Amino acid sequence: MKKAFVLITLLLSIVSCNKTAEKVEIKITKPKAKKVEFGFNYTDFNVVQDTIKKGDSFGSIIQSQNIGDKKVFDVVEQIKDSFNVRTIRYNKPYTILRSKNKTNKLQVFIYQPDALSYYVIDFRDSIAKAYKKVKPVTLKRKIIGGVLKSSLSETLGNESVETALASRITKVFSWSIDFFKLKKGDRYGLIFTERFINGKTYDGVEDLEAAFFEYKGKIIYAFPFEKDTLSGKVEYYDNEGKTLKNFFLKTPIKFSRITSRFTANRFHPVQHTWKAHKGTDYAAPTGTPISTTASGVVEATGYTAGNGNFVKVKHNGTYSTQYLHMSRILVKRGQRVTQGQTIGLVGSTGLATGPHVCYRFWKNGVQVDALRLNLPTGESLTGNDRTRFMKQIEPLKRELDSIGNL
């Protein structure tokens, strides 16, 4: 009986040991990934990252580091052919790499003037050396489309596209679309390329390859085309080869809203009387740029009690335009201006209840409603240019049509 008890105790001990052994966990620590940037392995250095502060200079920054027996003046002389130290600018980033030993000695200074390029000043040899590097850029094609659910800028933001593309699109279509009149539910399609630095860091939009917008029930296309391949100048045309660039822009302000139209009888908000309003009011924040809608010569500038600060532009023997209530005039009488040029800033001078521009239009000396005019258009493609263009846009139009189910 005693032998049986000993045997059972021994077996339970063995089973218990096995259970304990099963619970043992072996932890494997993975080595940390090495961070390599600007061609340097950060694990080999003490790394300091900062931005240029007001009052900083290249000399003051490296002088505060342990540069050994090197002198700032000598360093500047040694690198002047590769890097002008006077070009460093406020709020730009820089990186300092220092040795990991007790001396903590400055090894490398890296300055980034922009997202794409950087300068390296290497202190590791007896003579400092400098060189410039440009990060590799990858272009990725993107296609988006559907229906507008909000403003163009918000729609692009929801698609993770930089809002600067909205300004580019507005400029392309500015002769044919009044973006204030786009409605929720209007269809659109865009094909463009985006830049990525080192294949991962987004750097904005490179090119607008093709686009369409539904406007007042009509589909308006835009395709870039080099009519003169030697000049490299790109203009935009519709799907029939008609230029989108007309003699006049649709509006003098981007991204605004109409608050009052051309009418023979309107209650004046300041004078509190019924009178004609011979212009179109566009509301916008004070300081918003006002553009001349066509090229011409500044016929008059000045101030009146009713108009406030104003500019009038004569475009040819038929057409003239005027821009009222400016906070600031940026052109002079007799000055030649080009279409889209900023001639003043939105304000509320004169008889105005808030910041806006009153846009007035003359045809043959008579004030008319600019929104109701059939304004002159630009030239269209013909001959070989049109044949080449139509062949070029065929696959692009097919893609756009598939986006909007056209």
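Up top is the structure.
Conventions we followed
Residues numbered from 1 in each chain as written. Predicted model: local features only at pLDDT ≥ 70, side-chain atom pairs only at ≥ 80, totals over all residues. Heavy atoms only, no water. Core = buried A, V, L, I, M, F, W, Y, C linked by side-chain atoms within 4.5 Å. Buried < 20%, exposed > 50% of the residue type's maximum accessible area, 1.4 Å probe, protein only. Helix = DSSP H or I, 4+ residues; strand = E, 2+ residues; numbered from the N terminus. Arc of directions from axis to C-beta. Contact = heavy atoms within 4.5 Å. Pairing = 2+ DSSP bridges. Axes fitted to C-alpha atoms, helices over the stretch in contact; angles between N-to-C directions. Salt bridge = Lys/Arg side-chain N within 4 Å of Asp/Glu carboxyl O. Polar contact = N/O pair within 3.5 Å; in protein donor to acceptor, adjacent residues only side chain to side chain.

> I'm lost on the nonpolar core in this one. Help?
Generally speaking, nonpolar side chains in soluble globular proteins are found buried as a group. Leu156, Ile169, Phe173, Leu190 and Phe213 are the most contacted members of the largest nonpolar core, which has 25 residues in total. Put simply, the parts of the chain that give this core at least two residues each are α4 (152-158), α5 (164-173), β9 (187-197), β10 (201-215) and β11 (218-225).

> How should unusual backbone geometry be read in this particular structure?
Keep in mind that most residues, glycine aside, have a negative phi and that most peptide bonds are trans. One non-glycine residue, serine 160, lies in the positive phi region at around 60°. One non-glycine residue, lysine 216, lies in positive phi territory at about 55°.

> Would you mind going over α5 with me for this structure?
Turning to α5, its buried residues number three or more, namely Leu165, Ala166, Ile169, Thr170, Val172 and Phe173. Across the axial projection of α5, the buried residues extend over an arc of 160°, all falling on one side. At its buried positions, α5 is contacted by α4, β9, β10, β11 and β12 (235-237).

> Which parts of the structure should I look at to understand the sheet that holds β11?
Remark on secondary structure: sheet strands pair via backbone hydrogen bonds, oriented parallel or antiparallel. The strand order across the open sheet formed by five strands is β8-β9-β10-β11-β12, and the pairing between neighbours is antiparallel. Two strands lie at the open edges of the sheet, namely β8 (137-147) and β12, each paired on one side alone. This sheet shows a mean twist of 25° between the axes of neighbouring strands, independent of strand direction. Direction of pairing for β11 relative to β12: antiparallel, over a ladder of three bridges. Residue pairing in the sheet places phenylalanine 223 in a bridge with tyrosine 237 of β12. Its contacts with the sheet put α5 on β9, β10, β11 and β12, and the angle it makes with β10 is roughly 40°.

> Quick question: what am I supposed to make of the pattern of salt bridges here?
Pairing is possible between side chains that carry opposite charge, provided their charged atoms lie close to one another. Tallied over the full model, the rule gives 17 salt bridges. Here aspartate 122 and arginine 124 are joined by a salt bridge, their closest N and O atoms 2.8 Å apart. The partly exposed category is assigned to arginine 124, whose relative accessible area is 43%. Through salt bridges that share partners, Arg141, Glu209 and Glu399 make up one connected network.

> Whenever I open this one, the environment of tyrosine 323 confuses me. Can you help?
When you line up the elements, tyrosine 323 lands in strand β20 (residues 319-329). For the pair tyrosine 323 and cysteine 358, spaced 35 residues apart in sequence, the C-alpha separation works out to 5.8 Å. Among the polar contacts made by the side chain of tyrosine 323, one reaches the main-chain amide nitrogen of threonine 293 at a distance of 3.1 Å.

> Would you mind going over the environment of phenylalanine 73 with me for this structure?
Looking at where phenylalanine 73 falls in the secondary structure, it is placed in helix α3 (residues 72-79). Taking the relative accessible area as the measure of exposure, phenylalanine 73 reaches 61% and is therefore exposed. Taking the C-alpha atoms as reference, phenylalanine 73 lies 8.1 Å from glycine 59; in sequence the two are 14 residues apart.

> Sorry if this is basic, but what is going on with the side chain of threonine 243 here?
On the secondary structure map, threonine 243 appears in the loop between β12 and β13 (257-260). The class for threonine 243 is buried, based on a relative accessible area of 13%. Here the side chain of threonine 243 touches lysine 245 through a polar contact of 3.0 Å, landing on its backbone nitrogen. Other than its neighbours up to four places away in sequence, threonine 243 contacts Tyr236, Tyr237, Gly378, Glu379 and Ser380.

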